[in-house]
Amino acid sequence: VTERGFVFSPDNSQPTLSSAYAVAAGSGGGDFSATLTDLKPNTTYWVRAYATDSDATRYGKVIQFKTAVSGAGDDDFTEDDYEWE
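Every value quoted in this text rests on a predicted model; they were computed, and no experiment measured them. (Residues numbered from 1 in each chain as written. Predicted model: local features only at pLDDT ≥ 70, side-chain atom pairs only at ≥ 80, totals over all residues. Heavy atoms only, no water.)

Observations concerning the overall build of the protein chain
This is how it is decided: Numbering of helices and strands runs from the N terminus; a helix is a DSSP stretch of H or I covering at least four residues, while a strand is a stretch of E covering at least two. Only protein chains enter the accessibility calculation, which uses a 1.4 Å probe; a residue is then buried when its area is under 20% of its type maximum, exposed when over 50%, and partly exposed in between. A contact between two residues is defined here by any heavy atoms of the two lying within 4.5 Å. Residue-level accessible areas treat just the shown protein chains as cover; the underlying method is Shrake-Rupley with a 1.4 Å probe.
A tally of helices and strands in the protein chain yields zero helices and six strands. Element order for the protein chain, N to C, with α for helix and β for strand: β-β-β-β-β-β. Out of the 85 residues in the protein chain, the part that is buried amounts to 26%. Contacts spanning at least 24 positions in sequence make up 52% of the contacts within the protein chain whose residues lie at least 6 apart. Put simply, the protein chain shows about 5,500 Å² of open surface, and 45% of that area lies on carbon and sulfur atoms.

Remarks on the nonpolar core
As a reminder, the rule being used: Among buried residues, the Ala, Val, Leu, Ile, Met, Phe, Trp, Tyr and Cys ones that are joined through side-chain atoms within 4.5 Å form a nonpolar core.
Phe6, Phe8, Val23, Leu39, Tyr45, Val47 and Phe65 form the largest nonpolar core, which has seven residues in total. Other than its neighbours up to four places away in sequence, Phe8 contacts Pro15, Ala20, Tyr21, Leu36, Thr37, Leu39, Tyr45, Trp46 and Val47.

Observations regarding unusual backbone geometry
Although it is not a glycine, Asp38 sits at a positive phi angle of roughly 60 degrees. As for its position among the elements, Asp38 is in the loop between strand S2 (21–24) and strand S3 (44–52).

Topic: the environment of Tyr59
Selection rule: Side-chain atoms alone can form a polar contact between residues adjacent in sequence; in general such a contact is a pair of N or O atoms within 3.5 Å, and within protein one must be able to donate a hydrogen while the other accepts it.
By the element assignment, Tyr59 lies in strand S4 (residues 57–59). C-alpha of Tyr59 to C-alpha of Val7: the two residues are 52 residues apart in sequence and 9.0 Å apart in space. Leaving out residues up to four positions away in the same chain, Tyr59 has contacts with Val7, Pro15, Thr16, Leu17, Arg48, Ala49 and Tyr50. In this structure the side chain of Tyr59 is engaged in a polar contact, spanning 3.0 Å, whose partner is the backbone nitrogen of Leu17.

Structure representation (structure tokens):
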């Protein structure tokens with residue numbers, strides 16, 4: 001695996017590297033994680049993992065979540081702020 005990470009989008013329920021925001025999480029095998037930043041409050045997002053090797057880019061299962069409503073303009077969210085579906 002030459003690159004891996006996550007793609008996410010508020011507009012596309014099947015996000016890909018060419019149609020969504022991406023956050024890289026290194027290369028190689030094993031578990032990985034990344035932080036999604038600049039998320040908007042009260043917004044539904046779709047996210048999935050991706051991994052690229054010399055042959056192709058492959059994607060994981062899509063997960064949908066909605067960010068919390070923020071009354072104070074706070075864009076810093078924690079896992080407790082999301083509604084996972």
